[in-house]
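Summary of the model geometry
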2 protein chains.
Amino acid sequence: MNIIVMKFGGTSVGSTERIQEVAKRVEEKVKAGYKCVVVLSAMGKTTDHLVNLVKELNHQPSPRELDMLLTTGEQISIALLSVALHKLDLEARSFTGWQAGIVTDEVHGKAAVHQVKTEKLFDSLEKGEVAVVAGFQGVTDAGEITTLGRGGSDTTAVTLAAALDAEYCEIYTDVTGVYTADPRFIDQAQKIDEISYEEMLELARLGAGVLHPRSVECALTHKVKLVVRSSFEREPGTWIKEKDEMEETLQVRGIAHDMDVARVKLLGLPNQSDILAKLFTTLADAHINVDIIVQSEHQSDQISVAFSISEAEGQAVQKVLREKQSVLGFQEMLFEGGLAKVSAVGVGMMTRPGVAANMFACLSEANIPVKMVSTSEIKLSCVIDRDKAIEAANSLHRYFGLGADSKVSI
Amino acid sequence: MNIIVMKFGGTSVGSTERIQEVAKRVEEKVKAGYKCVVVLSAMGKTTDHLVNLVKELNHQPSPRELDMLLTTGEQISIALLSVALHKLDLEARSFTGWQAGIVTDEVHGKAAVHQVKTEKLFDSLEKGEVAVVAGFQGVTDAGEITTLGRGGSDTTAVTLAAALDAEYCEIYTDVTGVYTADPRFIDQAQKIDEISYEEMLELARLGAGVLHPRSVECALTHKVKLVVRSSFEREPGTWIKEKDEMEETLQVRGIAHDMDVARVKLLGLPNQSDILAKLFTTLADAHINVDIIVQSEHQSDQISVAFSISEAEGQAVQKVLREKQSVLGFQEMLFEGGLAKVSAVGVGMMTRPGVAANMFACLSEANIPVKMVSTSEIKLSCVIDRDKAIEAANSLHRYFGLGADSKVSI
């Protein structure tokens, strides 16, 4: 079967008119001979509405009950799209996460998919039905309803594409594709026609916002061809695929920025072999995600460690560390909010050594001090003051020649 | 375990404030030592909102997708009540229909419960949790989501009470109990303290509206003690139980009226042994509910039949019968709308022969002509002109001494 997976996000199904548009998009694919699996998010503001309701009752709703509540949003979407498809004389059947066989672990609010029992979906596709699946949700072996966390519907789509061996997976969204930088802030940002999984992964992690990193990881692991395109306009979008299938390899593919960064510094930690393990296990146990980590040795018996986090988690981090100060044995904790991170991403960086130098030169020319640095094979990130972030991203975008006037890197 | 089932309808959970009130009601029962199963309907207007949405897309939504859509309403309620109970430091866990083990047949929109797999609910109660169950919904053996149709949450509550061997089942609603007549129309209507299943069943079928007939049937079958009480006020309500547990047996327990009645008369039907079977099979196949049936023989080879229906179904009935006129072989069809039905209900009627005579005498004194009559062991119904119905119900209420000044039947 030539199966494709089509995923539509919240704005794409935000009203009954939009749902009718989605139905027409699906109809085109069915008429073109594809077996379609459609993955949907909740309608526009449904999730926010439900979250507001629950907060009126309990500011710390249990993750299990929150999942029970929020999964209704996608269930509404799938029923509505199914009847809209029926109206177009298409056979269609909706599936909740548990009906679609999406089995997860027990971590409510950010569950990981363990297994997809594809039998019912294959049955449905073989009968000639469009299978309409609720994104973002799954079920544990014990029959508990779970959600996959932020960007979960993308993950559902890619996971299903892998499990069903789909030709490709379309992610319909409210933008026309992946850009060299966030076009809301960077004037010269250009749409990218093709990008490798690895580059997309770095851009996704860095807050490009079009695709959730987990879904890109999943696509990379299972070699699912992805395309990101607009559900509002008919443009080709951006294809995300393997490097060796791509036509050109730029040194820097795009510039990302993330405005929600804070830094924590711990001074005077004992220089013990297990101290970093202790520290970051403590933070992991408190479900705090750490991004960049910098360690430095001051004296032979003491080290200091700095790490960046989401500023939203600042209070939680400080609370946990203060409680554990005697166990960890640090002397002082410094917290700095109001930071941001700008990053240059590109698979071409591996083979060309000058990118870091160029990046620092660019920021230095713009008089923007760098507070932390992190490098990977295809990414270079600098933590800077938040109020300089947009200026920095624009400067880097120009510096690496990503604007409309030049598609070749310097 | 001393288990009770508490069911709250749509207005009782119509807002987060109301849900907090429900949580307090449940807390009282928990503190009194009961193991509580709480069954909820969808919040106030949620179901109407969802129905409006689906109608924008498809005026004839498939029953399966409608069930998929509507069951989200109760799922929202149960999650919200659970977090409200957590806020009161009570252990609580929500259950969708399929999680609660409510297994039904495959008739979407009005499924019948086949089985309750009580294991998970018992587990939850044994752990000391309040089990909060979505009313109105179940699941087929094949994993399809179904709804139990109108009044379905009452049926869920009674079914669970039976399956869990609960001490009793409380139906919380927006009225303080069952009345001798509809208090919106009958000035002297009195709340009834106790009523038998059989009487309640007749009152429920006759449109008293407080409880759905199916739930009363289910309570009767399984001998589940029911109490109907207000979720807004703290009054004892009405207990529904077995006749022999009741303190007094009145001749007439209450007066019901149903304003939506029409009559169809078929003249000149051939006097064949299978003619009634043919006629009412034809109507049943068209999903038309017939209430009172009166047959009369005119000549040896011809009969006439009159039957009452809901006036809303008048057009459909006439269409079906006209199409089948040659098959059924009647000569003329007469339709009369604008009718109503008033009924006197009471288990005491069985043993006291004068009730019918009293009823006709009362209507005759009030100059109200009787168009059709139907009797059962505990009920006597008359079809009359709709514009006389309230007057008739008031007269009968007085005549049988159901008002405040007299609780003893004449």
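As annotated in an unreviewed UniProt entry, chain A carries the name Aspartokinase and is attributed to Shimazuella alba. What UniProt states about chain A under its Function (unreviewed entry) heading is, verbatim, "Catalyzes the phosphorylation of the beta-carboxyl group of aspartic acid with ATP to yield 4-phospho-L-aspartate, which is involved in the branched biosynthetic pathway leading to the biosynthesis of amino acids threonine, isoleucine and methionine." Comment text from UniProt for chain A, heading Subunit (unreviewed entry), reads "Tetramer consisting of 2 isoforms Alpha (catalytic and regulation) and of a homodimer of 2 isoforms Beta (regulation)."

1. Section: the packing of aromatic side chains
Residue and element names in this part refer to chain A. Going through the model one piece at a time under the given rule, you end up with 11 aromatic pairs over all chains. For the pair phenylalanine 8 and tyrosine 172, a centre-to-centre distance of 4.4 Å together with 10 degrees between the ring planes defines the contact as stacked. Separated by 164 residues along the polypeptide, phenylalanine 8 in strand 1 (residues 3–8) and tyrosine 172 in strand 9 (residues 168–173) bring together distant segments of the chain. Since its relative accessible area comes to 0%, phenylalanine 8 is described here as buried. Members of the aromatic cluster, connected to one another through ring pairs, are Tyr34, Tyr168 and Trp239.

2. A short note on the relation of the copies chain B and chain A
Superposition record for chain B on chain A: RMSD 0.8 Å, screw rotation 177 degrees, translation along axis 0.4 Å. Seen this way, the second copy is the image of the first under a two-fold rotation axis. Ranked by how close their C-alpha atoms come to the rotation axis, the residues of chain B are headed by threonine 72 of chain B, at 2.2 Å. When the interface residues of chain B are mapped onto chain A, 100% of them again fall at the interface, so both copies present the same face.

3. Overview of a nonpolar patch on the surface
Residue and element names in this part refer to chain A. Taken together, the side chains of Phe360, Val370 and Val373 define a hydrophobic patch exposed on the protein surface, amounting to about 200 Å² of accessible area. Looking at the element boundaries, valine 373 is found in strand 17 (residues 372–376). On the accessibility criterion, valine 373 (34% relative accessible area) is partly exposed.

4. Structural notes on the pairing of strand 12 (residues 238–241) of chain B
Of the strand pairs in this sheet, strand 10 (residues 194–196) of chain B and strand 12 of chain B are connected by three bridges, and their pairing is parallel. The partner of isoleucine 195 of chain B across the bridge, within strand 12 of chain B, is isoleucine 240 of chain B.

The rules behind the values
Residues numbered from 1 in each chain as written. Chains lettered and ligands numbered in written order. Predicted model: local features only at pLDDT ≥ 70, side-chain atom pairs only at ≥ 80, totals over all residues. Heavy atoms only, no water. UniProt positions renumbered as here; feature names shortened; annotations may be inferred. Phe/Tyr/Trp six-rings, centres within 6.5 Å; stacked < 30°, edge-to-face > 60°. Helix = DSSP H or I, 4+ residues; strand = E, 2+ residues; numbered from the N terminus. Buried < 20%, exposed > 50% of the residue type's maximum accessible area, 1.4 Å probe, protein only. Least-squares fit on C-alpha atoms with pLDDT ≥ 70 in both. Contact = heavy atoms within 4.5 Å. Patch = residues over 30% accessible without salt bridge, like charges linked within 9 Å, V, L, I, M, F, W, Y side chains within 5 Å. Areas by Shrake-Rupley, 256 points an atom, 1.4 Å probe, with all protein chains shown as cover. Salt bridge = Lys/Arg side-chain N within 4 Å of Asp/Glu carboxyl O. Pairing = 2+ DSSP bridges.

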